[in-house]
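Listed here are the chains, written in short residue letters.
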Amino acid sequence: MTGTLERRAAMATLMQNRGDDLLVVPGLGSTTYDLAAAGDNDRNFYLWGAMGGAAMIGLGVALAQPKKRVAVITGDGEMLMGMGALATIGIQQPPNLAVIVFDNGVYGETGGQPSHTSGGVDMVAVARGCGFATCVEVIDEAALADLASRLKSLDGLLFARVAIQADEPPRVLPEKEGAVLKSRFRAALGLTP
Amino acid sequence: MNALPPDWPDRLFDTLKRADIRQVGYVPDAGHSRLIARCRDDAAIRDVALTTEEEGVALAAGAWLGGERAALLMQSSGVGNCINMLSLMRSCRFPMLTFITMRGEWEEFNPWQVPMGSIVEPVMKLCDAEVYRATKPEDVPRLAERAVQQAFGEERVVAVLLSQELIGKKVWVK
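Note that the structure is a prediction, hence the values are computed from the model and not measured.

A. Geometry of the overall build of chain B. When its secondary structure is counted, chain B shows eight helices and six strands. When the helices and strands of chain B are placed in sequence order, the string is α-β-α-β-α-β-α-β-α-α-β-α-β-α. Against the 2.2 N^0.38 benchmark of 16 Å for 174 residues, chain B shows a C-alpha radius of gyration of 15 Å, consistent with a compact globule. Based on the C-alpha atoms only, the size of chain B along its principal axes is roughly 45 × 35 × 30 Å. Buried residues in chain B amount to 49% of all 174 residues. Relative to all contacts within chain B whose residues are 6 or more apart in sequence, the contacts with residues 24 or more apart total 76%.

B. Examining the sheet that holds strand β2 (residues 46-49) of chain B more closely. Residue and element names in this part refer to chain B. Here we have six strands laid out as an open sheet, ordered β2-β1-β3-β4-β6-β5, and parallel in their pairing. Looking along the sheet, the strands with just one partner apiece sit at the ends: β2 and β5 (130-134). For this sheet, the mean inter-axis angle between neighbouring strands, taken without regard to orientation, is 20°. Pairing of strand β3 (residues 69-75) with strand β4 (residues 96-101) involves five bridges; the strand directions are parallel. Across the sheet, L72 pairs through a bridge with T98, a residue of β4.

C. Main features of the packing of helix α1 (residues 8-18) of chain B against helix α7 (residues 139-154) of chain B. All names here are of chain B. With their axes 9 Å apart at the nearest point, α1 and α7 run at an angle of 25° to one another. As summarised for this structure, α1 and α7 are arranged roughly parallel, according to the angle between their axes. Where α1 crosses over α7, the handedness of that crossing is right-handed. Contacts between α1 and α7 pair W8, R11, L12 and T15 from the former with V140, P141, A144, E145 and V148 from the latter. Along the lines of polarity and charge, the residues of the contact of α1 with α7 split into six nonpolar, one polar and two charged.

D. Layout of the environment of L161(B). Here L161(B) lies in strand β6 (residues 157-162). With 24 residues separating them along the chain, L161(B) and P137(B) place their C-alpha atoms 12 Å apart.

E. Representation of the sheet that holds strand β6 (residues 134-138) of chain A. Residue and element names in this part refer to chain A. The parallel open sheet is built from five strands, whose spatial order is β1-β2-β3-β7-β6. Looking at the sheet topology across the chains shown, the edges are occupied by β1 (22-26) and β6. Averaged over all neighbouring strand pairs, the angle between strand axes comes to 15°, with direction disregarded. Alignment of strand β2 (residues 69-75) against strand β3 (residues 97-103), held across six bridges, turns out to be parallel. Each bridged residue has a counterpart across the sheet, and for I73 the counterpart in β3 is I100. Contacts from helix α3 (residues 54-64) reach β1, β2 and β3 within the one sheet, and its direction differs from that of β2 by about 175°.

F. Seen up close, the pairing of β5(B). All names here are of chain B. Sheet topology places β5 next to β6; five bridges connect them, and they run parallel. Residue pairing across strands places E130 opposite V158, the latter belonging to β6. In this fold, β5 hands off to α7, which returns the chain to β6; that crossover is right-handed.

G. Highlighting the interface of chain B and chain A. Listed by partner, the interface residues are 26 residues for chain B and 27 residues for chain A. Those elements giving two or more residues to the side of chain B that touches chain A turn out to be β2, α3 (53-65) and α4 (76-92) of chain B. Per element, the largest residue contribution to the side of chain B that touches chain A is eight residues, and it comes from α3(B). A class-by-class count of the residues in the side of chain B that touches chain A yields 14 nonpolar, eight polar and four charged.

Procedures and definitions
Residues numbered from 1 in each chain as written. Chains lettered and ligands numbered in written order. Predicted model: local features only at pLDDT ≥ 70, side-chain atom pairs only at ≥ 80, totals over all residues. Helix = DSSP H or I, 4+ residues; strand = E, 2+ residues; numbered from the N terminus. Rg over C-alpha atoms; globule rule 2.2 N^0.38 Å. Buried ≥ 20, exposed ≤ 12 C-beta atoms within 10 Å, placed from the backbone. Contact = placed C-beta atoms within 7 Å. Pairing = 2+ DSSP bridges. Axes fitted to C-alpha atoms, helices over the stretch in contact; angles between N-to-C directions. Parallel < 35°, antiparallel > 145°, perpendicular 65-115°, else oblique. Left-handed = near helix turned anticlockwise from the far one by under 90°. Nonpolar A, V, L, I, M, F, W, Y, C, P; charged D, E, K, R; others polar. Right-handed = clockwise from strand over helix to strand, strands pointing away.

Given below as structure tokens:
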């Protein structure tokens, strides 16, 4: 449900001095715009569709790149659509994966309809139940700074819920061509595009 | 039925190994049980049990982003679960290799398997997949090899349907 943190500032805090070993998969919609606003990077794989798929894309990357840190940063609606992924990830336990949900309790892209988290669904409890050993609630700046620091030295499967405001800052639209996003991400890892 | 266990799942496994498949997503399935067991026993393959098949599509995309090849094992009923996620593969030209065990055709006991089973081929084609069908054990290795080459060479979704005639009917009364 809705919190007090500002989404763009929260993303900027998490991405500050991110390092070349951080790979980021945002969800479609607002978290993709937030990530683009924090600074474009070849190691971002923006989503423009595939709702419910962000966490599983992150899992595939994390398993393939065990020496890199992988952050899935998505919205509550996107995470709810693919909630089974939390169970799948819990079974795999990739130590280099963080799933971070920017939770404002609404579907911002479609007119602000309330999401299930507004109705009381507790994503942190879900993640804990799925086997995420570290689950954090981020409701203020101190907790956000702590999450940013955990992300810097990620050493175990992590889930975080970041309680953000339900506002909608002006959109910052990154590259939309999927093949370009794919190729540049792979090239940044030294793979043949 | 078969006195000896069929060996096509082992041939399929050989193909996955030759293709250097490192992540195998699957929803538990009787027709794939032998292949799933082989993947689980192989230290170089990460077996990823899924709660729904579309997770395996997203997993394959992530694996490729990270430089690994993945495969998705599913039953015909899982194809319907994948449709929107397959737009990810087409939009980004991700390679995806999938082996689909068919239900709802040869000697199917459960009529509820028919609606999805009967539309797997057109649905996959509408999703821009190349589709092959194996009906005899000897079809499996060559179609699987072809699928590997096409999926990773052309960067597209390639499905090999393993027909119910090949798999054998499900035994309901044990």
